[in-house]
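# Tertiary structure, described
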Amino acid sequence: MIQKNLSLKAFNSFGVEAKSKYFVTIKSVEALLEVLQHPEIPNENILFLGGGSNILLTKDFDGCTIQLDLKEISEKKLDDNHVLVTANAGENWHQFVLYCLEKNYGGLENLSLIPGNVGTSPMQNIGAYGTEIKDIFESCDVLNLDSLEVETFDLEKCRFGYRDSIFKQEGKGKYVILNVTFRLTTHQHHIKTEYGAIKAELEKMNIEHPSIQEVSKAVIAIRESKLPNPKEIGNAGSFFKNPTIPLSQFEVLKDKFPNIQGYPNGDWVKVPAGWLIEQCGWKGKQIGNVATHHLQSLVIINKTGNATGKEIFDFSTEIINSVKEKFGIKLEREVNIL
């Protein structure tokens, strides 16, 4: 059923108020096709919402919001050590990770507790603690919004980059992801504990040779210790991407700021955005209804619960300008802005 002038406050993790001219929840591909061909719905003005965890609504939406609630998980054994697991777009990401861990399927454990749904995971190649979607991605089925035909995108076609994919570039607004298939291990797991935070957490748990389930528990403990729960305080997780700058620029900054952090990769260095923001005095800082989290400056929060999307956007602009002025680095928003 298509609803009119519905509030989207409950459908975005920032919890900001914005209305959508039309709104419909979709539970099947057939229903999706029906809505897309509905005479009242302008096809050029559609907003697809999953878990609403990576979007900032700065205004009302004068079109049709489609909430994808496609649910189903299926499996196909590949060989002695690999299985293909396909999850529909509307499956909650963390619940899907837990489902795989219960089956002892490895590959997703470092991505535990990331908010959102499965369908949005390839869009920005979600990643955490040394793992990205591209590492375990097999394919995804998408609906071409021009032809209304279902197409399959493999790893190469998705063109994954750091928090990036074809779906954020030239494919933006042209496709909607229906399901995602992951290639996971069944027993010979590749455990990734290189990140210092995971090592420290496992030591705290007195675990030397962790299972994938124990790695997941460590990741969950780390995230819960420094990231606010969107159900308790409005946020969208990391608001900014970690910038990558030329090695030559990093060396100049190192002379001026000896404590600057960086992760070299050839002629480039990835600099933690959280560190840059913190050095500019933004950690825990509040302006009006908006603040950065007191434990993680990468996270912008709807501190009072009454912030507007524009307030949050303007707050993020001040952070960008501050970092640019001090370090000469322009931060890029990771969150989608409407």
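See the structure shown above.
Residues numbered from 1 in each chain as written. Predicted model: local features only at pLDDT ≥ 70, side-chain atom pairs only at ≥ 80, totals over all residues. Heavy atoms only, no water.

## Some details on the overall build of the chain
For the chain, the count of helices and strands is 8 helices and 20 strands. Taking 2.2 N^0.38 as the reference for a compact globule, 338 residues should give roughly 20 Å; the C-alpha atoms of the chain span a radius of gyration of 21 Å, in line with that estimate. Oriented by its inertia axes, the alpha-carbon framework of the chain measures out at about 60 × 55 × 35 Å. Considering only intrachain contacts with a sequence separation of at least 6, the fraction spanning at least 24 residues in the chain is 60%. Roughly 16,500 Å² of accessible area belongs to the chain as shown, and the carbon and sulfur atoms make up 47% of that amount. (Helix = DSSP H or I, 4+ residues; strand = E, 2+ residues; numbered from the N terminus. Rg over C-alpha atoms; globule rule 2.2 N^0.38 Å. Contact = heavy atoms within 4.5 Å. Areas by Shrake-Rupley, 256 points an atom, 1.4 Å probe, with all protein chains shown as cover.)

## Focus on the environment of lysine 168
By the secondary structure assignment, lysine 168 is in the loop between helix H3 (155-158) and strand E12 (175-185). Its relative accessible area of 18% is what places lysine 168 among the buried residues. Among residues more than four places away in sequence, those in contact with lysine 168 are Met123, Gln124, Arg163, Lys241, Glu334 and Asn336. (Buried < 20%, exposed > 50% of the residue type's maximum accessible area, 1.4 Å probe, protein only.)

## Observations concerning the sheet that holds strand E6 (residues 73-79)
The strand order across the open sheet built from 5 strands is E6-E7-E12-E10-E11, with neighbouring strands paired in antiparallel fashion. Each edge of the sheet is formed by a strand with only one pairing partner; in this case those strands are E6 and strand E11 (150-154). Neighbour-to-neighbour, the strand axes of this sheet turn through a mean angle of 20°, independent of strand direction. Two strands pair when backbone bridges link them, and strand E7 (residues 82-88) and E12 are joined in this way by 7 bridges, in the antiparallel orientation. Bridge pairing in E12 links threonine 86 to threonine 181. On the sheet, helix H2 (residues 93-102) packs against E6, E7 and E12 and is oriented at approximately 150° with respect to E7. (Pairing = 2+ DSSP bridges. Axes fitted to C-alpha atoms, helices over the stretch in contact; angles between N-to-C directions.)

## Observations concerning the pattern of salt bridges
Under the criterion given, the structure shown has 16 salt bridges. One salt bridge in this structure joins glutamate 278 and lysine 283, with 3.7 Å as the shortest N-O distance. Linked by salt bridges that have partners in common, Glu132, Lys134, Asp135, Arg163, Lys192 and Glu334 make up one network. (Salt bridge = Lys/Arg side-chain N within 4 Å of Asp/Glu carboxyl O.)

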